[in-house]
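Summary of the model geometry
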Amino acid sequence: CNTTALLASGYDIPLVGLGTWKSEPGRVTAAVKSALASGYRHIDCAAIYKNEDEVGNALAASIHQGVVRREDVFITSKLWNSDHSDRRVKAACLKSMRDLRVDYLDLYLIHWPVTGNRGPDVQPPLLETWKAMQDLVCQGLVRSIGVSNFSVSKMEGLMTAPGVPLSVCQVECHPYFRNDGVHAWCKQQGIHMTAYSPLGSADSASLLGRNAQMLLQNETLLSIANDLKRSPAEVLLQWGLRNGTSILPKSTSSERIKANLASLDWQLPQVAFEALNNLDYQRRMVDGSFWVNPAGPYSNLEELWK
Ligand code: A2P
């Protein structure tokens with residue numbers, strides 16, 4: 001349960017974390033309690049998920065009941081688009097900390113390279129926001145910092161700031177979108193990559209109105225799972241670990257929460273790993289099209305991801 005990767009900051013990140021995007025406020029408290037009781041030591045949160053307060057309740061109750069100690073759990077939150085700029089970062093971080101009932105975050109990420117604004121302040125002040133993120137580490141509020149949904153060139157822009165390193169890049173990653181370019185660059189730079197939607201995020205398809213292929217129903221995957229006598233989800237999660245990322249399977253079902261952590265307990269054979277590495281269909285589920293706007297800063301998807 002305690003398998004971890006070492007971050008550039010010097011802290012360890014547990015390889016399996018519970019994802020909480022789309023976990024309904026009414027269910028997420030039970031999901032986090034169940035995850036912590038099953039042995040999860042990493043919970044991935046964000047202000048925009050609108051459920052950090054409920055996650056905080058679960059965390060506080062689990063600590064109070066002696067299920068875990070604060071120092072044993074890795075808690076991530078993310079800065080939302082409307083909180084870019086050095087005037088807003090600290091207040092946004094403190095709000096998430098208050099909701100999560102913690103006095104430090106293990107990891108704080110810039111959620112998107114986007115302000116969500118129109119008009120004069122449409123350009124995200126990425127470097128300014130990043131320096132404010134670095135200050136949070138200097139002030140002892142946050143242990144490690146990073147980004148989510150950033151391209152290599154946008155990360156390169158941040159790397160020009162000396163001081164606190166960029167420790168984590170959290171992006172969509174699964175056999176239907178391996179994100180190879182970002183992954184190779186992160187490895188070279190000593191940045192840890194975390195895979196969100198490691199199961200291909202079937203529920204995002206309906207949420208985003210996407211007519212996408214469902215990874216969990218892919219024939220190659222089903223046949224590998226059948227041969228190995230594992231569930232397709234177990235195979236995908238092992239693929240993510242074998243690919244060298246940490247993984248954030250989201251679930252609110254206590255059975256699936258347990259099963260997903262057990263992905264640490266076995267090894268996907270090399271030949272199966274390679275077969276899943278060779279799936280042609282390579283498309284993002286969370287493609288960011290909701291940020292594309294002729295008023296800028298990204299007038300098409302290439303600009304967002306380049
Ligand atoms: P649920 O919350 O009902 O378990 P991703 O992390 O790729 O976004 O995938 C999350 C989706 O996959 C959710 O719909 C979640 O539903 C479902 N899910 C989570 N764990 C499993 C599992 N072990 N087997 C099948 N589906 C799963």
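Keep in mind it's a predicted model, so treat the numbers as computed, not measured.

Section: the overall build of the chain
Counting its regular elements, the chain contains 12 helices and 10 strands. Relative to the globule expectation of 19 Å for 306 residues, the C-alpha radius of gyration of the chain, 19 Å, shows essentially globular dimensions. Split into buried and exposed, the 306 residues of the chain put 47% on the buried side. Put simply, 71% of the contacts in the chain that link residues at least 6 apart link residues at least 24 apart.

Regarding the UniProt feature "active site" (unreviewed entry) in the chain
In this structure's numbering, the residues bearing the UniProt feature "active site" (unreviewed entry) are Tyr49. The residue tyrosine 49 is located in the loop between β4 (42-44) and α2 (52-64) in this model. In this structure tyrosine 49 comes out as buried when scored by C-beta crowding, with 22 C-beta atoms within 10 Å. Dropping the residues within four chain positions of it, tyrosine 49 is found in contact with Thr20 and Trp21.

A look at the environment of leucine 18
For leucine 18, the position within the fold is in strand β3 (residues 18-19). A C-alpha to C-alpha distance of 5.8 Å links leucine 18 and proline 249, two positions 231 residues apart in sequence. Once residues within four sequence positions are removed from consideration, leucine 18 is found in contact with Ala31, Val32, Ala35, Tyr40, Ile43, Asp44 and Ile257.

A look at the nonpolar core
The biggest cluster of nonpolar side chains holds 77 residues, and the ones touching the most others in it are Val32, Ile43, Tyr108 and Cys169. Those residues in contact with tyrosine 108 that lie beyond four places of it in its chain are Ser77, Leu79, Cys93, Met133, Leu136, Val142 and Ile145.

Structural notes on the site of the ligand
Neighbouring the ligand are 17 residues; Leu199, Ser201, Asp203, Ala233 and Ser251 lie closest to it. Counting residues per element, the ones that place at least two in the shell around the ligand are α7 (202-207) and α10 (254-261). A total of three residues in the shell around the ligand trace back to one element, the largest contributor, which is α10.

A few points about the pairing of strand β6 (residues 105-110)
It is a general feature of regular strands that their side chains alternate between the two faces of the sheet. Here β6 lies mainly inside the structure; six of its six residues are buried. Sheet analysis places strand β5 (residues 74-79) next to β6, joined by four bridges and oriented parallel. Along β6, the bridge assignment pairs lysine 78 with leucine 109. Handedness of the crossover joining β5 and β6 through helix α3 (residues 89-100) is recorded here as right-handed. Taken together, the five bridges between β6 and strand β7 (residues 142-148) define a ladder with parallel strand orientation. Looking at the pairing, tyrosine 108 lines up with isoleucine 145 of β7.

Some points on the confidence of the model for the chain
When pLDDT is averaged along the chain, the result is 93; 96% of the residues meet or exceed 70. This prediction of the complex comes with two scores: 0.95 for pTM and 0.96 for ipTM.

Overview of the pairing of β7
Burial within β7 is extensive, with six of its seven residues counted as buried. Pairing analysis gives four bridges linking β7 to strand β8 (residues 166-172), with the strands arranged parallel. Among the inter-strand pairings, glycine 146 is bridged to a residue of β8, identified as valine 168. As a crossover connection, the stretch from β7 through helix α5 (residues 152-158) into β8 is right-handed.

Quick notes on the sheet that holds β6
Across the sheet, which stays open at both edges, the eight strands sit in the order β3-β4-β5-β6-β7-β8-β9-β10 with parallel pairing between neighbours. The strands lining the two open edges of the sheet, one partner per strand, are β3 and β10 (246-248). Inspection of the sheet shows strand β9 (residues 192-196) paired to β10 by three bridges, in the parallel sense. Note on β10: the bridge partner recorded for tyrosine 196 is leucine 248. The strands touched by α3 within the sheet are β5, β6 and β7, with β5 carrying the most contacts at an inclination of about 140°.

Comments concerning α3
Helix length check: α3, at 12 residues, gives a terminal C-alpha distance of 17 Å against a target of 16 Å (1.5 Å per residue), a fit within 8%. Val89, Ala92, Cys93, Ser96, Met97 and Leu100 are the residues of α3 that are buried. Buried positions in α3, seen along its axis, are confined to an arc of 135° and lie on one side of it. Exposed residues on α3 whose side chains face more than 90 degrees from its buried face are Ala91 and Leu94. Contact partners of the buried residues in α3: α2, β5, β6, α4 (126-138) and β7. Arginine 101 lies just past α3 and shows a positive phi near 60°.

Some points on unusual backbone geometry
Backbone torsion omega between glycine 296 and proline 297 reads 0°, so that peptide bond is classified as cis. For proline 297, the position within the fold is in the loop between α11 (270-277) and α12 (301-305). Of note, the phi angle at lysine 50 is positive, near 60°, even though the residue is not glycine. Structurally, lysine 50 is set in the loop between β4 and α2. A residue is classified by how many C-beta atoms lie within 10 Å of it, and lysine 50, with 12 of them, is exposed. In this model, asparagine 149 sits at a positive phi of 60°, which is unusual for a non-glycine residue. Locating asparagine 149 in the fold gives a position in the loop between β7 and α5.

Rules and cut-offs
- Residues numbered from 1 in each chain as written.
- Predicted model: local features only at pLDDT ≥ 70, side-chain atom pairs only at ≥ 80, totals over all residues.
- Helix = DSSP H or I, 4+ residues; strand = E, 2+ residues; numbered from the N terminus.
- Rg over C-alpha atoms; globule rule 2.2 N^0.38 Å.
- Buried ≥ 20, exposed ≤ 12 C-beta atoms within 10 Å, placed from the backbone.
- Contact = placed C-beta atoms within 7 Å.
- UniProt positions renumbered as here; feature names shortened; annotations may be inferred.
- Core = buried A, V, L, I, M, F, W, Y, C linked by C-beta atoms within 7 Å.
- Near = placed C-beta within 6 Å.
- Pairing = 2+ DSSP bridges.
- Right-handed = clockwise from strand over helix to strand, strands pointing away.
- pLDDT = per-residue confidence, 0-100.
- Axes fitted to C-alpha atoms, helices over the stretch in contact; angles between N-to-C directions.
- Expected span 1.5 Å × (residues − 1).
- Arc of directions from axis to C-beta.

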